[in-house]
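Coordinate inspection notes
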2 protein chains.
Amino acid sequence: MTGRPDEGPVLDVPAVADVEAAARRIASHVRHTPVVTSRGLDRRVGAEIAFKCENLQRAGAFKFRGAWNAVLSLPDNRAASGVCTHSSGNHGAAVALAARLRSIPAIVVMPAGAPTVKRRAVESFGAEIIECEPTLAAREATLAAVVGERGGRVIHPYDDFHVISGQGTVALELLDEPSPAPWCEPPTGPPDAIVVPVGGGGLLGGSALVAATRGCRIYGAEPAGADDAMRSLRAGRIIPVEAPDTIADGLRTSLGERNFAIIRRRVEDILTVSEDSIRAAMRLLWERTKLVVEPSGAVPLAALIEHGPPRGCSRIAVLLSGGNVDLDAVRF
Amino acid sequence: MTGRPDEGPVLDVPAVADVEAAARRIASHVRHTPVVTSRGLDRRVGAEIAFKCENLQRAGAFKFRGAWNAVLSLPDNRAASGVCTHSSGNHGAAVALAARLRSIPAIVVMPAGAPTVKRRAVESFGAEIIECEPTLAAREATLAAVVGERGGRVIHPYDDFHVISGQGTVALELLDEPSPAPWCEPPTGPPDAIVVPVGGGGLLGGSALVAATRGCRIYGAEPAGADDAMRSLRAGRIIPVEAPDTIADGLRTSLGERNFAIIRRRVEDILTVSEDSIRAAMRLLWERTKLVVEPSGAVPLAALIEHGPPRGCSRIAVLLSGGNVDLDAVRF
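For the structure given in this document, a descriptive report is provided here. Computed from a predicted structure; not experimentally measured. (Residues numbered from 1 in each chain as written. Chains lettered and ligands numbered in written order. Predicted model: local features only at pLDDT ≥ 70, side-chain atom pairs only at ≥ 80, totals over all residues. Heavy atoms only, no water.)

Things to note about the overall build of chain A
Secondary structure summary: chain A contains 13 helices and 10 strands in total. Its C-alpha atoms give chain A a radius of gyration of 18 Å, within 12% of the compact-globule value 20 Å for 332 residues. Taken over the C-alpha atoms alone, chain A extends approximately 55 × 45 × 40 Å along its principal axes. Relative to its full complement of 332 residues, chain A shows a buried share of 60%. When the accessible surface of chain A is split by element, carbon and sulfur atoms take 49% of a total near 12,400 Å². Taking the 37 positively charged and 38 negatively charged side chains of chain A as two groups, their mean positions are separated by 4 Å. (Helix = DSSP H or I, 4+ residues; strand = E, 2+ residues; numbered from the N terminus. Rg over C-alpha atoms; globule rule 2.2 N^0.38 Å. Buried < 20%, exposed > 50% of the residue type's maximum accessible area, 1.4 Å probe, protein only. Areas by Shrake-Rupley, 256 points an atom, 1.4 Å probe, with all protein chains shown as cover. Lys, Arg positive; Asp, Glu negative; His and termini not counted. Charge placed at Lys NZ, Arg CZ, Asp CG, Glu CD.)

Laid out in structure tokens, this is it:
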């Protein structure tokens, strides 16, 4: 599906049917992650919360859904020359794993100083790492040089039709086939709203396509120190983040064009949270659910605690986006 | 069942039928915890490992099984006056929760300086806390005074017929009704051996009763800094630990009489591990399974990494005993 004129430039923005197609395409290798609950956290928020555990997804984050959908969507002749991307985090590992599963080469451009645990993840999936200076300009220039020399298809971390479609499959599972964790009390019914962390907007955009067709409201949540999505939504145009300052390392990027085209039409609001709220929410999740959730994944719960549940919502789903934490750096 | 003369004093030591009865008794409020796997950890150990997630049990540890079995086994006239125990950790919270579920009062004697998170857990289940000096003598004296003044049945943390029977239900679930976590690859078959952390010996003793009747070998694992179980097994008599020195706060106690009576007959061996191994194993578990496991719960994996898999064992089950970590104190 292509974008409509009123969205500005004509973009290949997916629709919900593309998310449904992605779900069928990627099903065999994606984990159907569980939904956990915690009565203690319900009391804390003042609403019933269902946590969708994408920290238990392969490679430790929802990113694998989009990467795998993008890699699987390549025709054989395009796939043979491999894939490449730049990433300091979960997307790099997701692309590396997806490439390994399709038996094609992968190159991940990583900034110097990326956490060792993230490098090791990319290496463990057999991808080649090319290091560059830790600036966005250097990352993009290095990636362009790699593509020029070696060929290969670039898998953008969020501003990509197939990546957005793949990420939306999380919301599809959550709303159409929730799988309550057998050791928890199941939610008492479907959610009135979903709260999703927003960085580049792939997860929020893809999920918004689904929520809109299931009668479910959807909110984004982001750090106050990287509040470009909130400001972009208010302004009606993308306002890139300039100097992101947050421990939520997955949310330091600016919104993509395709993602914004969806978000501005489908998302109720973007909630911003303080760094203290993120740390407190992460701690609560570790203590109460016994799940390791990364700072970005704790941002939606932080938003619910800081702002209270959205008006009229008694059941809320939260996407725990990932669990890849640099344990050396954790200080509560 | 009572102990036999060759076990020394006549003790009320449970048999496997008592574990099976406990399983029926406690089923309605105990969580059937999942079994998770990690191919990365399998490669690390050189065997296939099934992790039984008692960190996802109610109150965050296997302790609830034994406490709930003991509380449920009290006749109404004994139960009415309530229950009490002394504990700096998981057993106190387990007794508090069990008492709340049976609507009877609970008193937990806690040493000064116990982690705030453990105090809060006990309080959150509505038990009364009485503080004492942080020595075993003070704990026992305070508890005796409480019983003298207020009445109430003492629930011993491990050297108790019903507590041991309750803890054994973990092994029963693991061997008779394993519930593979739906997001993981299931184990390829039943385990050749189980490795269990050992402190007072309730979990190891109860599990050993079950393993013996299921053709499964069983090993204990404990910190080298609290190696009384290993030394007791070698000596053929209980040798109490004198100055335990380990981060595995659940394993600082000495073996109970009833537990030792089972362990000496049923357990293959006790494996000891260094503090560095415990920390490394805990980190691996957090990183690979995304589960918060407390230091005591990481001791069996530490043993498998430090000693290698037991000879002839290609599939091994590990009991992740709990997930109650003082996050302020975590340093990797």
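So, the sheet that holds strand S3 (residues 83–86) of chain A
Residues and elements named next belong to chain A. Spatial ordering of the open sheet is given by S5-S4-S3-S6, a layout of four strands whose pairing is parallel. Strands at the two margins of the open sheet, each flanked by one partner only, are strand S5 (128–132) and strand S6 (153–154). Sheet analysis places S3 next to strand S4 (residues 106–111), joined by four bridges and oriented parallel. Among the inter-strand pairings, Thr85 is bridged to a residue of S4, identified as Val108. (Pairing = 2+ DSSP bridges.)

What to know about the pairing of S3(A)
All names here are of chain A. Every second residue of S3 is oriented toward a common face, with Val83 and Thr85 on one face and Cys84 and His86 on the other, all of them buried. Between the parallel pair S3 and S4, the chain is carried across by helix H5 (residues 90–102), and the sense of this crossover is right-handed. When S3 meets S6, the two strands line up parallel, connected through two bridges. Opposite Cys84, over in S6, you have Val154 as the bridge partner. (Right-handed = clockwise from strand over helix to strand, strands pointing away.)

Here's the deal with the side chain of A:Ser296
Residue and element names in this part refer to chain A. Tracing the backbone through its elements, the reader meets Ser296 in helix H13 (residues 295–307). A distance of 3.0 Å separates the side chain of Ser296 from the backbone nitrogen of Gly250, its partner in a polar contact. Setting aside its immediate chain neighbours within four residues, Ser296 contacts Pro197, Ala248, Asp249, Gly250, Leu251 and Ser321. (Polar contact = N/O pair within 3.5 Å; in protein donor to acceptor, adjacent residues only side chain to side chain. Contact = heavy atoms within 4.5 Å.)

Focus on the interface of chain B and chain A
A common way to report how large an interface is uses the accessible area buried once the components associate. Every contact between the two is made by 23 residues of chain B and, on the other side, 23 residues of chain A. Buried area between chain B and chain A, both sides added, is near 2,300 Å², and the carbon and sulfur share of it is 59%. Considering only the surface of chain B that becomes buried against chain A, B:Trp183, B:Lys290 and B:Leu327 emerge as the three largest contributors, covering 35% of it. Where chain B packs against chain A, one counts two salt bridges. At the junction of chain B with chain A, the criterion picks out 10 residue pairs in polar contact (both at pLDDT 80 or more). (Buried area = accessible area lost by both parts, 1.4 Å probe. Salt bridge = Lys/Arg side-chain N within 4 Å of Asp/Glu carboxyl O.)

Describing the relation of the copies chain B and chain A
In the superposition of chain B on chain A (RMSD 0.0 Å, axial shift 0.0 Å), the rotation amounts to 180 degrees. In symmetry terms, the pair is related by a two-fold rotation axis. Proximity to the rotation axis, assessed at the C-alpha, singles out B:Leu291 in chain B; its C-alpha lies 2.3 Å from the axis. In this assembly the copies share their binding face: 100% of the residues contributing to the interface of chain B also contribute to that of chain A. (Least-squares fit on C-alpha atoms with pLDDT ≥ 70 in both.)

Some details on unusual backbone geometry
The phi dihedral of A:Ala59 is positive, around 60 degrees, even though this residue is not glycine. Tracing the sequence through the fold places A:Ala59 in the loop between strand S2 (48–53) and helix H3 (63–73).

A few points about the packing of helix H9 (residues 202–213) of chain A against helix H11 (residues 257–266) of chain A
Residues and elements named next belong to chain A. Between H9 and H11, the least distance of the axes is 9 Å, while the angle of their chain directions is 45 degrees. If you check the angle between H9 and H11, you find them oblique. Judged by the sense of rotation from one axis to the other, the crossing of H9 with H11 is left-handed. Across from Gly202, Leu204, Gly205, Ala208, Leu209 and Ala212 in H9, the residues of H11 making contact are Asn259, Ile262, Ile263 and Arg266. Here the residues of the contact of H9 with H11 are counted per class, giving six nonpolar, three polar and one charged. (Axes fitted to C-alpha atoms, helices over the stretch in contact; angles between N-to-C directions. Parallel < 35°, antiparallel > 145°, perpendicular 65-115°, else oblique. Left-handed = near helix turned anticlockwise from the far one by under 90°. Nonpolar A, V, L, I, M, F, W, Y, C, P; charged D, E, K, R; others polar.)

Considering the packing of aromatic side chains
Taken as a whole and assessed by the stated rule, the structure comprises four aromatic pairs over all chains. Seen from their ring centres, A:Trp286 and B:Trp286 are 5.5 Å apart, and the 85 degrees between their planes marks the pair as edge-to-face. Of this pair, A:Trp286 sits in helix H12 (residues 275–289) while B:Trp286 sits in helix H12 (residues 275–289), placing the two residues on different chains. Comparing A:Trp286 with B:Trp286 shows no difference in burial state: the two are buried. Residues B:Phe64 and B:Trp68 carry aromatic rings whose centres are separated by 6.0 Å and whose planes lie at 10 degrees to one another, so their mutual orientation is stacked. With B:Phe64 and B:Trp68 both in helix H3 (residues 63–73) and four residues apart, the pair spans about one turn of that helix. (Phe/Tyr/Trp six-rings, centres within 6.5 Å; stacked < 30°, edge-to-face > 60°.)

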